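Commentary on secondary and tertiary structure
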Amino acid sequence: MSKPSIKKHSIRNIALILIAIPIIIFCAAVFILPASIASSFEKTLVASGINPQSITAPEKKWGAIRYRNLSMGQDGENTIDAITLTFTPTTPFSRDIETLEINGVYLSGDINIDGKVSLKGLETLPTLPALSQLNAKQISLKNINLSFLSAHFGGLRGVVNINGNHEDDAIIWNGTIDSRQDQLELVAKLNAQTNDSGRWIADFEIENAKLERSFGKFTRVSGGATYAGSGHKWKSLKGELSAGGFSAYDTMWQNAAITIDATPKLTKTYISAKSSGIEGLELNIDTTLSLKKIDWSARIFAETGQQMIRYFQSHNMLPINEKDLKKMQSLQNVTLHLKPTSKSLIFKVSNDDQEIDIKGKIDNINGNNFTALFTTSEQLSNTISGAKCTINKAKKRQLCRMNIIRKNHKYIQKD
């Protein structure tokens, strides 16, 4: 009679266990797993620069937890509206995160003259790459608002949206950048990859950009650029761009092609452009920029001397009377070379057949007052109106001096 009793107890125990298992799984999914994930994630938040005092108990829902109103630093200048994590609650003993969404980030700071970035209220930049180490299958960064005071460009503002997907030991990113202000504009698409080793590379498809500096302006810029580095340090920037419009020191150009090859220590650029207004001129500029100085040289090529003269006349940049350059007008393949020094602008005018050879320099005396000192072959012109010239008959060259004033955006000889 005892055997049936044992069987009844066994069946009852098995039934209770079968009933208890889903209850345990449910409790783990609702209470234990979110708490475990939250505890681990909060450590990551602190390691990423989040102020621990701003981390409050997260909202918990089936398969998700959400943090709100987080701040970086002590003064609350840099904030995050919400961070949401989702996971699979039916596998409570796995702490894998399905998605990580960061929404509404507001970062403000400064960019000094050397390009170093600092955030308000933080001694060091937050190690945000630590978030990618959570092994979330998908990462979404929405409405990342940037506001920086730059030593070169003044106030810079922009909005970034990026999505990332884990693939093996890397995260593949894609997104958009939209930054628009008077001196600098950038609207671009982003495709990037970050590796667990810390290396990263980003490709930019520039849809429209603008850059305005004291020397001139690039407009209607498009093209591509590749930016690469490791951790917080970038190592190289390479770009191939085109600009519909380009102005440099009161001269206007169009259809510019721009090549950029940069490292943290040295930046090299090459620009070629066609003249605007007067056809037949080409501009080429080579620039080398280091942390301490900038070196550049330019060449303006004209099919004829007449085209060169007309171009500078049309830009009010020819203080010499056209009749004094009569012989130059008929010359072919004329090139103007320009090279700045610390105090002067060195120039040279020549052509392929060596029929013209003008060498000289222009000094800025003060403000809008300039002095031009140059030598020229006697066969070009025996006299230049308004210039004080002496002739070396043995060398068949003139040495001339001319005072120039810039008035109402026009260069003219000074009486």
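Look a little higher up for the structure.
Everything in this summary refers to the structure shown in the same document. (Residues numbered from 1 in each chain as written. Predicted model: local features only at pLDDT ≥ 70, side-chain atom pairs only at ≥ 80, totals over all residues. Heavy atoms only, no water.)

**Some remarks on the overall build of the chain**
Per the secondary structure count, the chain includes three helices and 23 strands. Among the 415 residues that make up the chain, the fraction classed as buried is 37%. Long-range pairs, those at least 24 residues apart, make up 42% of the contacts in the chain with a sequence separation of at least 6. (Helix = DSSP H or I, 4+ residues; strand = E, 2+ residues; numbered from the N terminus. Buried < 20%, exposed > 50% of the residue type's maximum accessible area, 1.4 Å probe, protein only. Contact = heavy atoms within 4.5 Å.)

**Some points on the pattern of salt bridges**
Counting across every chain of the model gives 12 salt bridges. A salt bridge links D178 to R180; the nearest nitrogen and oxygen atoms lie 2.7 Å apart. Owing to a relative accessible area of 31%, D178 belongs among the partly exposed residues under this scheme. Residue R180 is classed as exposed on the basis of its relative accessible area, which comes to 52%. (Salt bridge = Lys/Arg side-chain N within 4 Å of Asp/Glu carboxyl O.)

**Describing the nonpolar core**
Judged by nonpolar contacts, the single largest core of 79 residues is most densely connected at I83, F246 and M308. With sequence-adjacent residues up to four places away left out, F246 is seen in contact with F215, K217, F218, T251, M252, W253, A256, I271, A273, L283 and I285. (Core = buried A, V, L, I, M, F, W, Y, C linked by side-chain atoms within 4.5 Å.)

**Topic: the pairing of strand β22 (residues 397–407)**
Sheet topology note: the strand β20 (residues 369–377)/β22 ladder contains nine bridges and is antiparallel. Paired with L373 across the strands is R401, a residue of β22. As paired strands, strand β21 (residues 388–392) and β22 are joined by five bridges and run antiparallel to one another. Directly across from T390, in β22, lies its bridge partner L399. The loop that links β21 with its antiparallel partner β22 comprises four residues; one of these, K396, has a positive phi angle of about 55°. Of the strand pairs in this sheet, β22 and strand β23 (residues 410–413) are connected by four bridges, and their pairing is antiparallel. Paired with K407 across the strands is K410, a residue of β23. Hairpin connection from β22 to β23: two residues lie between these consecutive antiparallel strands, with N408 at a positive phi of about 55°. (Pairing = 2+ DSSP bridges.)

**Description of the side chain of H315**
Within the element layout of this structure, H315 appears in the loop between α2 (305–314) and α3 (326–329). Exposure remark for H315: the relative accessible area of 13% places this residue in the buried category. Among residues more than four places away in sequence, those in contact with H315 are D250, T251, M252 and S276.

**Points about the pairing of β20**
Burial analysis of β20 places seven of its nine residues in the buried class, which makes it a mostly covered element. Taken together, the seven bridges between strand β19 (residues 357–366) and β20 define a ladder with antiparallel strand orientation. Opposite I362, over in β20, you have A372 as the bridge partner. Here β19 folds back onto β20, and the loop between the two strands holds two residues, one of which, G367, carries a positive phi near 55°.

**A word on the side chain of S247**
Checked against the element boundaries, S247 lands in strand β12 (residues 233–248). Excluding residues that lie within four positions of it along the chain, S247 makes contacts with F215, G216, K217 and M252.

**Regarding the state of the cysteines**
Under the defined criterion, the tally for this structure stands at one disulfide. Paired by a disulfide, C389 and C400 hold their sulfur atoms 2.1 Å apart. The disulfide joining C389 to C400 has a torsion of about 115° about its S-S bond and is therefore right-handed. Separated by 11 residues along the polypeptide, C389 in strand β21 and C400 in strand β22 bring together distant segments of the chain. Judged by its relative accessible area of 29%, C389 is partly exposed. (Disulfide = S-S within 2.5 Å.)

**A look at α2**
Residues separated by three or four positions in an α-helix point in the same direction, a consequence of the helix having 3.6 residues per turn. Every buried residue belonging to α2 is among G305, Q307, M308, I309, Y311 and F312, and all of these are buried. Those residues of α2 that are buried lie in contact with β13 (251–262), β14 (266–275), β15 (281–290), β16 (294–304), α3 and β17 (332–340). Phi for N316, located one or two positions after α2, is positive at around 55°.

**Quick word on the packing of aromatic side chains**
Going through the model one piece at a time under the given rule, you end up with seven aromatic pairs. Each ring, one from W200 and one from Y227, has its centre 5.3 Å from the other, and the planes form 65°; the classification is edge-to-face. Here W200 is found in strand β10 (residues 199–213), whereas its partner Y227 is found in strand β11 (residues 216–230), with 27 residues between them in sequence. The exposure class assigned to W200 is buried, which follows from its relative accessible area of 18%. Aromatic ring contacts, followed pair by pair, group W200, Y227 and W234 into a single cluster. (Phe/Tyr/Trp six-rings, centres within 6.5 Å; stacked < 30°, edge-to-face > 60°.)

**Section: the environment of N161**
Checked against the element boundaries, N161 lands in strand β7 (residues 154–167). Since its relative accessible area comes to 28%, N161 is described here as partly exposed. In sequence terms N161 and I177 are 16 residues apart; their C-alpha atoms lie 6.8 Å from each other. Apart from the residues lying within four places of it in its own chain, the contact partners of N161 are L141, K142, N143, N174, G175 and T176.

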